[in-house]
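Here's the letter readout for the chains.
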Amino acid sequence: MADLNHKILDGLSEKQKEAVIYPLNPLLIIAGPGSGKTRVMSHRIPWIINNYDVNPYEILAVTFTNKAAKELMNRTKSFLPNSSNAVVKTFHGFASYFLRIEGHFAGLDRGFSIYDDSDQLRIIKNIFEELDINIKKNNPRVIISEISKAKNLSINSNKYKQNSNSYFEEIVSRVYSRYDEILENSNACDFDDLLFKTNNILKENIDIRKKWSRRYKHVIIDEFQDTNPLQFEISNLITNEQNSISVVGDPDQSIYSWRHAVPTNILEFRKIYKDCLVVNLDESYRSTKPILEAADSIIANNTNRFKRKLWTKNKEGSLVKYNSYFDEEEEAVSVGKSITKLTKSKDSLNEIAVMYRVNAQSRAFEVALNSLGLKYRLVGGVRFYDRKEIKDILAYCKLLVNPNDDSAFERIINCPPRGIGLRTINKISIEKNINNVSYLSYLRNASKDDLSSLLSKRICDSINEFLGIYEKLLVQISIQEPHEIINSIISITNYDDYLRNDEDGVERLENINELKYSAEEFSVVNDADNTESLIDFIENSSLNSNVDSIDENDEAITLITLHQAKGLEYKNVFIVGMEEGLLPHSRSMDSEDELEEERRLCYVGITRAKENLYLSSSSRRRFQGIYDNAIKSRFLDEIPDKVLEKTSKIKNIDHSWKRNFEKKNINSKDEIDDDIEVDFSIGDKVIHTHFGVGKLTSYRILANDIELAIKFNSPFGMKKILKNKAPITISTPEESMDLEDYYGI
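Just so you know, these numbers come straight off a predicted model, no measurement behind them.

Q: Kindly report on a negative patch on the surface, identifying the contributing residues and their values.
A: Judged by side-chain charge, Asp590, Glu592, Asp593 and Glu594 come together as a negatively charged surface patch. Locating glutamate 592 in the fold gives a position in helix H27 (residues 592–606).

Q: Explain the packing of helix H22 (residues 457–476) against helix H23 (residues 482–493) residue by residue, including any values.
A: Contact pair H22 / H23: the axes reach a minimum separation of 10 Å and the direction vectors enclose 160 degrees. Looking at the two axes, H22 sits roughly antiparallel to H23. Remark: the crossing between H22 and H23 carries right-handed chirality. Residues Ile469, Lys472, Leu473 and Gln476 of H22 pack against Ile485, Ser488, Ile489, Ile492 and Thr493 of H23. Within the contact of H22 with H23, the residues separate by chemical class into 5 nonpolar, 3 polar and 1 charged.

Q: Give a detailed account of the sheet that holds strand E18 (residues 685–688), specifying residues and quantitative values.
A: The 5 strands lie next to each other as E21-E20-E19-E18-E22, forming an open sheet whose pairing is antiparallel. What marks the edges here is a single partner per strand, and that holds for strand E21 (718–722) and strand E22 (728–731). Geometrically, the sheet is characterised by an average inter-axis angle of 35 degrees between neighbouring strands, direction not taken into account. Two elements, E18 and E22, share 4 bridges in a ladder whose sense is antiparallel. By the bridge assignment, histidine 688 is partnered in E22 with isoleucine 728. Along the sheet face, helix H16 (residues 362–371) touches E18, strand E19 (692–701), strand E20 (706–712) and E21 and points at about 85 degrees away from the line of E21.

Q: Which residues make up the pattern of salt bridges, and what values do they have?
A: All told, the structure shown has 47 salt bridges when counted by the stated rule. With its nearest N and O atoms 3.0 Å apart, the salt bridge here joins lysine 151 to aspartate 193. Linking lysine 151 in helix H7 (residues 140–152) with aspartate 193 in helix H10 (residues 191–204), this pair joins segments that are 42 residues apart in sequence. Close ionic contact of aspartate 347 with lysine 571 constitutes a salt bridge, the shortest N to O distance being 2.8 Å. In this pair, aspartate 347 is assigned in the loop between helix H15 (328–344) and strand E10 (352–356) and lysine 571 in strand E13 (residues 570–575), connecting sequence segments 224 residues apart. Connected via shared salt-bridge partners are Lys37, Asp222, Glu223, Asp226 and Lys566.

Conventions we followed
- Residues numbered from 1 in each chain as written.
- Predicted model: local features only at pLDDT ≥ 70, side-chain atom pairs only at ≥ 80, totals over all residues.
- Heavy atoms only, no water.
- Patch = residues over 30% accessible without salt bridge, like charges linked within 9 Å, V, L, I, M, F, W, Y side chains within 5 Å.
- Areas by Shrake-Rupley, 256 points an atom, 1.4 Å probe, with all protein chains shown as cover.
- Salt bridge = Lys/Arg side-chain N within 4 Å of Asp/Glu carboxyl O.
- Lys, Arg positive; Asp, Glu negative; His and termini not counted.
- Charge placed at Lys NZ, Arg CZ, Asp CG, Glu CD.
- Helix = DSSP H or I, 4+ residues; strand = E, 2+ residues; numbered from the N terminus.
- Axes fitted to C-alpha atoms, helices over the stretch in contact; angles between N-to-C directions.
- Parallel < 35°, antiparallel > 145°, perpendicular 65-115°, else oblique.
- Left-handed = near helix turned anticlockwise from the far one by under 90°.
- Contact = heavy atoms within 4.5 Å.
- Nonpolar A, V, L, I, M, F, W, Y, C, P; charged D, E, K, R; others polar.
- Pairing = 2+ DSSP bridges.

And the structure:
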């Protein structure tokens with residue numbers, strides 16, 4: 001025991017030790033960026049196990065991303081390699097785990113489905129049609145947001161209806177009620193339901209609440225400043241009578257109010273647990289002194305915060321670099337060239353990140369990096385689990401464990417194509433709604449006469465073919481592991497043949513292979529149930545986030561929004577587009593609270609940098625196709641000159657011709673102005689030194705360059721690059737035809 005204690009405490013600062021060894025009483029850790037909060041949590045767990053007669057499974061640690069959960073689990077395991085793991089989950093992961101066990105109190109069985117954003121949107125649009133709600137006058141996403149807000153405030157559809165006072169609220173009420181019915185009939189939850197139903201069960205069932213609060217002898221909550229009211233309440237409900245809870249957070253990093261997060265939960269924690277110890281971790285082990293001073297100088301302008309200042313023993317380091325540019329195209333190319341210099345000094349691409357306020361800003365940087373032949377990963381682009389082929393396979397899996405999942409049914413009934421169109425699905429939908437059953441239940445139990453009177457013989461044959469496939473797969477789920485089930489789905493449905501006819505088929509098949517590899521992690525151990533393993537695999541896929549999907553083994557520059565960068569760190573960070581209206585965002589200008597959150601967001605971005613921080617702004621920026629003047633961000637003025645190295649890249653030249661800076665996509669020479677020289681055509685062959693051979697599909701003329709859209713051979717696919725910056729040669733198909741092509745060999 002003593003040897004392990006020495007190992008646990010070795011290398012910790014005095015404040016970190018204070019937090020690690022504190023008894024099983026309420027503990028609040030205020031942890032600044034880079035102050036070692038993950039280290040504290042991963043050392044506190046084995047300390048509790050080693051000193052307080054607590055089993056690993058009697059500790060619950062809750063984080064906000066699967067990536068953070070995995071890191072915490074791995075670090076903890078290094079101290080106790082031969083013991084079982086503590087329960088480390090995300091909030092939604094814990095709620096899903098809870099509902100798999102207790103969900104019957106809310107009408108759910110173990111195989112319930114978790115609906116994502118696209119499932120929600122499809123259902124809401126169907127409800128609009130069903131209730132004859134004008135989609136042009138009522139934005140489905142606004143309705144979804146309002147329903148989400150209601151659930152996070154513990155307002156169910158009945159309560160919302162009772163409190164409706166406006167036409168908009170009446171529309172939301174009708175949709176909310178029908179949406180709840182559909183989810184209930186489909187044995188499904190959306191992400192808000194996971195927390196909403198968990199909270200309701202714990203509040204309404206005292207025996208269940210006692211069971212779960214006694215289950216864990218200590219609860220640890222990470223990123224507490226980002227908890228919303230439901231998460232805060234769940235945390236309190238599962239904490240035992242001894243108030244054995246530790247929370248870790250930083251009010252200066254609270255940036256998710258749009259997810260209903262309440263930064264004042266940290267203050268509420270101190271009110272509820274009046275005897276809690278507060279430990280302030282203010283030493284940063286990540287960033288250099290100039291970076292910390294820049295961050296502190298900005299965040300000090302917020303009023304609603306704990307007063308503290310970060311410090312570090314790290315080296316002095318380089319000054320923060322600030323560059324101003326004429327426009328975002330110039331900014332992107334210059335950042336790309338700076339990255340090229342960093343790579344020549346042997347810096348890994350994985351240690352470089354470009355961060356921005358909104359996703360739309362990534363376009364200019366994607367084009368510039370492609371032009372320079374620099375590999376990048378776009379975090380927040382098409383998520384792996386959002387790709388069509390992945391969602392198709394997962395929909396088959398979902399329907400196998402949850403026959404009532406109508407959303408999954410609608411996705412796969414005609415995938416691969418079986419000639420079953422939307423009109424047919426609508427006919428079946430009317431009948432199954434009349435009978436108040438799911439699609440699958442209706443079709444499996446409908447008589448031959450009922451179907452033949454409703455649908456043509458060809459359609460009936462196609463449906464019977466689908467039902468036959470379903471029954472074959474149903475037999476397999478109890479005898480096959482998750483990755484084997486995926487193989488069976490592909491084989492029995494001929495999904496691989498379907499993809500081979502797709503121009504991106506090779507890439508899509510590679511994605512499915514990657515899905516199979518991830519499913520192998522859920523291989524059955526000993527006598528465990530194959531169906532349970534499949535449910536665990538589906539749940540893991542449903543709860544995965546963009547950040548969780550970052551492959552650090554793949555060398556690439558990271559393009560990422562400031563919100564998504566939370567919790568990450570890089571040696572070199574570029575924060576771009578630091579202008580009024582972007583950072584801070586235009587929507588925050590009328591609210592002091594929102595403006596302070598924008599300042600916290602800037603603070604989060606700056607403190608991702610370990611050694612080199614580059615800030616930039618442009619004097620002009622395009623919004624919705626129109627250029628307008630831009631003003632540099634007020635946050636730049638809050639950084640003291642002594643830590644800032646300023647450079648202006650704006651040239652004193654006449655930019656009057658920028659009035660028509662960007663023309664629309666041009667696909668024929670007839671549409672080109674006479675004064676613009678274009679020496680290529682759509683369909684020309686393009687050879688890039690990094691991406692290889694490609695075909696020009698479209699282009700658009702910019703002020704001082706031409707943006708080319710090129711379809712390269714696998715694995716690179718479609719890329720947009722700048723003609724004059726990229727290492728390319730363009731030739732007509734006739735010019736590029738070699739002897740083998742010419743003779744048809």
